[in-house]
Amino acid sequence: MKHLIREVFQEEGYVFATGAADIAREAGHTRPARLASNENPFPPSPKAIRAATDALQNANRYPDETNGEFIAALKKRHGDYRFVASVGMDGIIDTVIRTLISDGDRVAVATPTYSYYGLAVRAQGGVTVSVPRKEDFSVDPDVFCRDAKGTKLAFLCTPNNPTGTTETIETIAHICENYEGILFLDCAYIEFDGTDYRPLMKRFDNLIIGRTMSKAYSLAGLRVGYAFVPEWYELFYHRAATPFTLNMVSQAAAAAALRDTVHVKTIVSVVQEWRKRFIDECPYPVVPSGANFVMVDVTPRTAGDVVTELAQKGVIVRSCASFPGLPNHYIRVSIGEPWENEAFIAAISEIYRI
Ligand SMILES: *Cc1c(COP(=O)(O)O)cnc(C)c1O
């Protein structure tokens with residue numbers, strides 16, 4: 001029966017990095033440092049946990065289809081913008097693509113970057129156009145607008161996964177002004193950086209800013225993402241979305257987490273301190289990062305070799321070799337718990353000396 005499956009799903013899907021964890025286990029590390037997935041190592045806000053537990057009592061009912069509590073918390077946090085919410089930012093990305101892309105439509109992607117955009121575009125019958133970043137991994141807005149010409153939608157990630165690089169507000173404004181399609185700005189890691197693109201929503205009607213509760217807010221397991229959308233677009237988004245998006249437990253937790261501003265501030269400052277230590281103490285060059293991870297240039301070694309050697313020492317990081325457009329000598333290291341970060345610095349320093 002497999003021949004009935006659409007061609008696009010005959011090829012490989014999203015690649016989860018599991019190889020390094022196996023190597024660490026075989027080397028006898030029962031509790032390795034897990035620095036490969038950009039997760040937040042700190043537990044969610046206690047207020048979020050309490051709200052989720054309370055919400056469970058009502059789980060016999062369908063959730064509020066307007067996501068009212070979460071949207072209200074977003075307006076309180078960010079101001080009077082238009083918001084949509086979904087099952088992770090990945091859910092938002094899917095729905096946005098559904099509203100715009102038919103068979104053969106072209107979508108621009110600033111590369112190297114997060115792989116899910118391409119998978120989601122192809123699933124909808126679209127075709128991706130790679131717009132290469134500069135040598136320092138920043139985006140040249142003129143090149144971007146030239147290469148993205150004729151596309152309906154473009155994805156730009158800032159701070160970018162896996163490079164960690166952040167675009168200036170001027171770059172984004174320049175693109176919004178000169179690009180004729182819709183720009184999806186993926187800000188999954190923006191809380192760790194602090195650049196504020198939100199006011200651009202008031203100036204441009206072709207900008208969507210995607211955000212997630214998975215990273216700075218420690219709720220990856222509950223799958224909550226949201227986006228700032230232009231007012232004219234909101235109606236079409238809802239037409240393309242599934243009728244019920246957020247479940248009531250996730251929504252209650254996300255709303256409570258957003259209201260607990262102290263908790264997220266503390267996490268962000270701990271991450272920023274460690275990011276600085278990674279840059280100062282890692283013997284290999286580290287690309288400047290605005291995220292909760294750093295990308296390290298391990299030349300003259302290869303990414304695969306270093307990932308294996310670190311795994312043997314009980315530290316799991318991600319090779320960037322699977323990101324199209326990146327040479328084979330970068331690894332991505334998430335900022336984890338203090339003991340995990342210490343383990344990484346010690347292990348990479350040993351590898352460097354050999
Ligand atoms: C983690 C991540 C997301 C998706 O996060 P969700 O868990 O689906 O909300 C989106 N974009 C980038 C760049 C990410 O790294």
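Here, every reference points to the structure presented above.
Presented here is a report on the structure given in the accompanying data block. Just so we're clear, the structure is a prediction, and the values are computed from it rather than from any experiment.

1. Some points on the packing of helix H3 (residues 68-78) against helix H10 (residues 248-259)
- Where H3 meets H10, the axes come as close as 8 Å, and the angle between the chain directions of the two elements is 15°. Our classification of the angle between H3 and H10 gives roughly parallel. Along this stretch, H3 crosses H10, giving a crossing that reads as left-handed. Contact with H3, carried on its side by Gly68, Glu69, Phe70, Ala73, Leu74 and Arg77, involves Gln251, Ala252, Ala254, Ala255, Leu258 and Arg259 of H10 and no other residues of that element.
- Residue composition of the contact of H3 with H10, grouped by class: seven nonpolar, two polar and three charged.

2. Digging into the site of the ligand
- Around the ligand, 13 residues are found, and the nearest of them are Met89, Asp186, Tyr189, Thr212 and Lys215.
- Met89 is positioned such that a nitrogen or oxygen atom in its backbone is 2.6 Å from an oxygen atom of the ligand.
- Separating a nitrogen atom of the ligand from a side-chain N or O atom of Asp186 is a distance of 2.6 Å.
- Surface burial for the ligand is 94%, taken as the share of its 380 Å² of free accessible area covered by protein chains.

3. With respect to helix H5 (residues 116-123)
- Those residues of H5 that fall on the buried side of the exposure criterion are Tyr116, Tyr117, Gly118, Ala120 and Val121.
- On the buried face of H5, the contacting elements are helix H4 (88-100), strand S3 (106-111), strand S4 (127-132), strand S5 (153-157) and strand S6 (182-186).

4. Some words on the state of the cysteines
- Applying the stated criterion to the full structure yields zero disulfides.
- Among the cysteines around Cys145, which has no disulfide bond, Cys176 carries the closest sulfur, lying 8.9 Å off.
- The class for Cys145 is buried, based on a relative accessible area of 12%.

5. Looking at helix H11 (residues 261-281)
- With 21 residues, H11 should reach 30 Å at 1.5 Å per residue; the first-to-last C-alpha distance of 30 Å fits that figure.
- Those residues of H11 that sit buried are Val264, Ile267, Val268, Val271, Trp274, Arg275 and Phe278. Along the long axis of H11, the arc covered by the buried residues comes to 135°, so they all point the same way. For H11, the exposed residues set more than 90 degrees away from the buried face come down to Val262, Lys265, Glu273, Lys276 and Asp280.
- Buried-residue contacts for H11 involve H3, strand S9 (293-297), strand S12 (330-334) and helix H13 (338-353).

6. Some points on the pattern of salt bridges
- Tallied over the entire structure, the rule returns 17 salt bridges.
- Salt-bridge contacts for Glu191 lead to Arg211; the nearest nitrogen and oxygen are separated by 3.4 Å. One end of the pair, Glu191, is in the loop between S6 and helix H8 (200-203); the other, Arg211, is in strand S7 (residues 207-212), and 20 residues separate them in sequence.
- Put simply, Asp196 and Arg198 hold a salt bridge, and the shortest N to O gap is 2.9 Å.
- Taking the relative accessible area as the measure of exposure, Asp196 reaches 31% and is therefore partly exposed.

What counts, and where the lines are drawn
Residues numbered from 1 in each chain as written. Predicted model: local features only at pLDDT ≥ 70, side-chain atom pairs only at ≥ 80, totals over all residues. Heavy atoms only, no water. Axes fitted to C-alpha atoms, helices over the stretch in contact; angles between N-to-C directions. Helix = DSSP H or I, 4+ residues; strand = E, 2+ residues; numbered from the N terminus. Parallel < 35°, antiparallel > 145°, perpendicular 65-115°, else oblique. Left-handed = near helix turned anticlockwise from the far one by under 90°. Contact = heavy atoms within 4.5 Å. Nonpolar A, V, L, I, M, F, W, Y, C, P; charged D, E, K, R; others polar. Near = heavy atom within 4 Å. Polar contact = N/O pair within 3.5 Å; in protein donor to acceptor, adjacent residues only side chain to side chain. Areas by Shrake-Rupley, 256 points an atom, 1.4 Å probe, with all protein chains shown as cover. Buried < 20%, exposed > 50% of the residue type's maximum accessible area, 1.4 Å probe, protein only. Disulfide = S-S within 2.5 Å. Expected span 1.5 Å × (residues − 1). Arc of directions from axis to C-beta. Salt bridge = Lys/Arg side-chain N within 4 Å of Asp/Glu carboxyl O.

Remember, this is a structural readout, not a statement about activity or role.
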